[in-house]
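Coordinate inspection notes
Each chain is listed here by its residues.
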Amino acid sequence: MDEILNVVRSVTYKKGEFIYRQGESSDSLYIIHSGKVRIYRLSESGKEQVLRILNPGDFTGELALFKEGTHETYAEAMVDSSICLINRDDLQQFLMKYPSISLHILSEFSNRLEQTEKQTARFATEKVETRIALFFADCMDKESKSNAIELPMSRKDLASYLGTTPETLSRKITELEKDGYIKQRSNKIIEIIDLDELLLV
């Protein structure tokens, strides 16, 4: 940690500021120290596709560790955020010196690949209401006795993440509530009334 602190650079970003943009040079690893960051792509038509939401302890820009290139996504601060930057050369030295760091990054690569494959499969094969139900199930804390979940992103971003429109998302959530599967406690808090039945929609 002492060695890393000697080379890390801390940068703060205001809500709505870009950490990086698609097409910009990619030469650093970005670690979220505080705040929240959303990673998304823009299609040729300008439509956003949210890929993931990053919280403290998460990182992005990892592809820069292995090759020189440009960012293929946008990283935007959702709230005021503090980001730690480590450039490629310094991090590569750490990876060779401390294999445990390499294993941690590989583990995260594996998790992201699994999530991306799951998301792609759902887009291709599942109805919108099924995608919503599966997302709610993924958000549930298996250790908690509570059936309430807090949405990790805005409904606009959730619609983008699930490959639908905000209007369709709102309509489908209302239908799920009307059918007795869920209850909307607030815009962010959803109570799952019957998880087994919800997963059958």
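Residues numbered from 1 in each chain as written. Predicted model: local features only at pLDDT ≥ 70, side-chain atom pairs only at ≥ 80, totals over all residues. Heavy atoms only, no water.

Attention now moves to the UniProt feature "domain: Cyclic nucleotide-binding" (unreviewed entry) in the protein chain. Following the UniProt record, the feature "domain: Cyclic nucleotide-binding" (unreviewed entry) maps to residues 1–112 here. Counted over residues 1–112, helix gives 27% and strand 40%. Its end C-alpha atoms are 25 Å apart. (UniProt positions renumbered as here; feature names shortened; annotations may be inferred. Helix = DSSP H or I, 4+ residues; strand = E, 2+ residues; numbered from the N terminus.)

Turning next to the packing of helix 4 (residues 128–139) against helix 6 (residues 166–178). As a packed pair, helix 4 and helix 6 sit with axes 10 Å apart at the nearest point and diverge in direction by 75 degrees. Classified by the angle their axes make, helix 4 and helix 6 are roughly perpendicular. Judged by residue contacts, Val 128, Glu 129, Ile 132 and Phe 136 of helix 4 engage Thr 168, Leu 169, Lys 172, Ile 173 and Leu 176 from helix 6. A per-class count over the contact of helix 4 with helix 6 returns six nonpolar, one polar and two charged. (Axes fitted to C-alpha atoms, helices over the stretch in contact; angles between N-to-C directions. Parallel < 35°, antiparallel > 145°, perpendicular 65-115°, else oblique. Contact = heavy atoms within 4.5 Å. Nonpolar A, V, L, I, M, F, W, Y, C, P; charged D, E, K, R; others polar.)

Let us now look at helix 3 (residues 99–125). Look at helix 3: 39 Å from first C-alpha to last across 27 residues, which is about the 39 Å you get at 1.5 Å a residue. Residues of helix 3 that are buried: Ile 105, Arg 112, Gln 119 and Arg 122. Buried residues along helix 3 sit in contact with strand 6 (48–54), strand 7 (59–60), helix 2 (88–97), helix 4 and helix 5 (155–161). (Expected span 1.5 Å × (residues − 1). Buried < 20%, exposed > 50% of the residue type's maximum accessible area, 1.4 Å probe, protein only.)

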